[in-house]
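Overview (structure and organization)
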Amino acid sequence: MHRDSLWQKQIGATLIELLVLAGIDVVLGTVLLQLGRTVSNVMATINGQGQIQPQLTAAMDALTQDLRLAEGVDAGGAYTFSYNEDLDSTDDGHATLMLRLAAVDATGDPLMPRVFDGIIYDFDQTTGDLQRIVDAWDIAGSRRSVSPGLDDVHVVGRNISSIVFDGSVDNQLTIHLSASKAERGFLFQAPLVFTVKLRNDS
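Report on the accompanying structure.

Scoring rules and cut-offs
- Residues numbered from 1 in each chain as written.
- Predicted model: local features only at pLDDT ≥ 70, side-chain atom pairs only at ≥ 80, totals over all residues.
- Heavy atoms only, no water.
- Helix = DSSP H or I, 4+ residues; strand = E, 2+ residues; numbered from the N terminus.
- Buried < 20%, exposed > 50% of the residue type's maximum accessible area, 1.4 Å probe, protein only.
- Contact = heavy atoms within 4.5 Å.
- Core = buried A, V, L, I, M, F, W, Y, C linked by side-chain atoms within 4.5 Å.
- Pairing = 2+ DSSP bridges.
- Patch = residues over 30% accessible without salt bridge, like charges linked within 9 Å, V, L, I, M, F, W, Y side chains within 5 Å.
- Areas by Shrake-Rupley, 256 points an atom, 1.4 Å probe, with all protein chains shown as cover.
- Salt bridge = Lys/Arg side-chain N within 4 Å of Asp/Glu carboxyl O.

1. Here we look at the overall build of the chain
Scanning the chain for helices and strands turns up 2 helices and 8 strands. Starting at the N terminus, the α and β elements of the chain follow one another as α-β-α-β-β-β-β-β-β-β. For the chain, the residues scored as buried account for 35% of the 202 residues in total. In the chain, of all internal contacts separated by at least 6 residues, the share reaching a separation of at least 24 is 57%.

Shown next as structure tokens:
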């Protein structure tokens, strides 16, 4: 009789221990699952930001280089562009900036008589691409001229979501760039604002 009672007490203790262990397993499993989700979200954030930041930097570098050489904004009056100046993509999802740069020869010296090349930055929100389009003066020796009637077009920024060119201050341009990227169900956005002084020595 005494032995049966002791055996039943040992069984009861074992069941309680199993229940406690099961509870601990559930808690640990929940913590590990939450930790895994957090790590996954952090990795998605790093990956998303890592993809859009270089695009903003590339667009800024190209714009800065051209703006520092530009002697004016909106060269449309001197060229037969198929673009209209539109400086704010937040209005209609499109923005176009036209710059006037002195045409240069292979060594970088201005061509004489003094002529200008047109550099167009064109953004279309439907593609997310910011294009740099060269409309070079088609004369012999022009370094930017690819061939008569052929523009040089390449993408300088991808995943761009909006762009605003602000020329309210004389002789300088402030650019508001935003980029966005969807990654693992998250939408990551990054803004960039920079100001560049134009050459403007014409």
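2. So, the nonpolar core
Grouped together as the largest cluster of nonpolar side chains are 31 residues, with contacts concentrated most on Leu63, Tyr121, Leu130, Ile163, Phe165, Ile175 and Leu177. Elements with a contribution of two residues or more to this core: helix H1 (2-69), strand S2 (94-102), strand S3 (116-124), strand S4 (129-135), strand S6 (160-166), strand S7 (172-183) and strand S8 (186-197). Considering each element in turn, this core owes the most residues, 6 residues, to H1. The contact partners of Leu130, leaving out residues within four places of it in the chain, are Ala59, Leu63, Tyr121, Asp122, Phe123, His154, Val155, Val156, Gly157, Ile160 and Ile163.

3. Section: the sheet that holds S2
In space, the 5 strands of this open sheet follow the order S1-S2-S3-S4-S5, with antiparallel pairing throughout. A strand with exactly one partner marks an edge of an open sheet, and here the two such strands are strand S1 (72-73) and strand S5 (152-157). Examined bridge by bridge, S3 and S4 share 7 bridges and lie antiparallel to one another. Paired with Tyr121 across the bridge in S4 is Arg132.

4. Let's talk about a nonpolar patch on the surface
On the surface, Leu15, Ile16, Leu18, Val20, Leu21, Ile24 and Leu28 cluster together to form a nonpolar patch covering roughly 670 Å² of accessible area. In this fold, Leu28 is placed in helix H1.

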